[in-house]
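# Commentary on secondary and tertiary structure
Listed below, chain by chain, are the residues.
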Amino acid sequence: MYLEETGKAAAMSQTTIDRRRSGSTPFDRLFRDHPREVDETYLQHMAASAGFGFKLLGLAGAAFVHAIVPGVHKATVSTAIRSMAKDMGGRAEEARETRMRDAGVWDVGL
């Protein structure tokens, strides 16, 4: 929630918060800010994100095979998704806290 000048609370999307960040150009917002939030370079972030993406593509294939033949890949997708969520969890929380702090938005959940 964000308190506007009117004092009314209004929900703000992440895009709105990013646009309001002072000193950040559109190029920075698109290519630099988020990798810095998770303490990575652009190339490190690209490699990590591509790795997750390729793994998800493989898991999509396993899910479709399981849909056709329920006896195969019974736990493949769910196990991998839980593992990926655990790996990504700390990274996502760190990025969220950085965005909230940079935006000057206080969140009870922090």
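As shown above, the structure is provided for reference.
These notes cover the structure that comes with them.

Rules of the game
Residues numbered from 1 in each chain as written. Predicted model: local features only at pLDDT ≥ 70, side-chain atom pairs only at ≥ 80, totals over all residues. Heavy atoms only, no water. Helix = DSSP H or I, 4+ residues; strand = E, 2+ residues; numbered from the N terminus. Buried < 20%, exposed > 50% of the residue type's maximum accessible area, 1.4 Å probe, protein only. Contact = heavy atoms within 4.5 Å. Areas by Shrake-Rupley, 256 points an atom, 1.4 Å probe, with all protein chains shown as cover. Polar contact = N/O pair within 3.5 Å; in protein donor to acceptor, adjacent residues only side chain to side chain. Expected span 1.5 Å × (residues − 1).

## Some remarks on the overall build of the chain
Counting its secondary structure elements, the chain contains 4 helices and 2 strands. Secondary structure elements in the chain, listed N-terminal to C-terminal, are β-β-α-α-α-α. Expressed as a percentage of its 110 residues, the buried residues of the chain come to 20%. Taking all contacts inside the chain whose residues are at least 6 apart in sequence as the whole, residues at least 24 apart take part in 40%. Accessible surface for the chain amounts to roughly 8,000 Å². Of this, 62% is attributable to carbon and sulfur atoms.

## Details of the environment of Val 72
If you trace the backbone, Val 72 turns up in the loop between α3 (42-68) and α4 (76-103). In this structure Val 72 comes out as partly exposed when scored by relative accessible area, which is 34%. For the pair Val 72 and Ala 62, spaced 10 residues apart in the sequence, the C-alpha separation amounts to 8.5 Å. Excluding its chain neighbours within four sequence positions, the residues that come into contact with Val 72 are Val 65 and His 66.

## Some thoughts on the side chain of Glu 40
Here Glu 40 is to be found in the loop between α2 (26-37) and α3. For Glu 40, a relative accessible area of 15% corresponds to the buried category. Here His 45 takes part through its side chain, which lies 2.8 Å from a polar atom of the side chain of Glu 40. When near neighbours in sequence (up to four residues on either side) are disregarded, Glu 40 contacts Pro 35, His 45, Ala 48 and Arg 91.

## Things to note about unusual backbone geometry
Backbone geometry at Asp 39 places phi at a positive 55°, although glycine is not the residue there. Here Asp 39 is to be found in the loop between α2 and α3. Owing to a relative accessible area of 65%, Asp 39 belongs among the exposed residues under this scheme. Of note, His 73 is a non-glycine position whose phi angle comes to about 55°, a positive value. Note that His 73 resides in the loop between α3 and α4.

## A word on α2
Between its first and last C-alpha, α2 extends 16 Å over 12 residues, near the 16 Å set by a 1.5 Å rise per residue. Regarding α2, the residues found buried are Asp 28, Asp 33, Pro 35 and Glu 37. Those residues of α2 that are buried lie in contact with α3 and α4. A positive phi of about 55° marks Asp 39, the residue just after α2.

## What to know about α3
For α3, with 27 residues, the first-to-last C-alpha span of 39 Å sits near the 39 Å given by 1.5 Å per residue. Taken together, the buried positions of α3 are occupied by His 45, Phe 52, Leu 59 and Ala 62. Close packing links the buried residues of α3 with α2 and α4.

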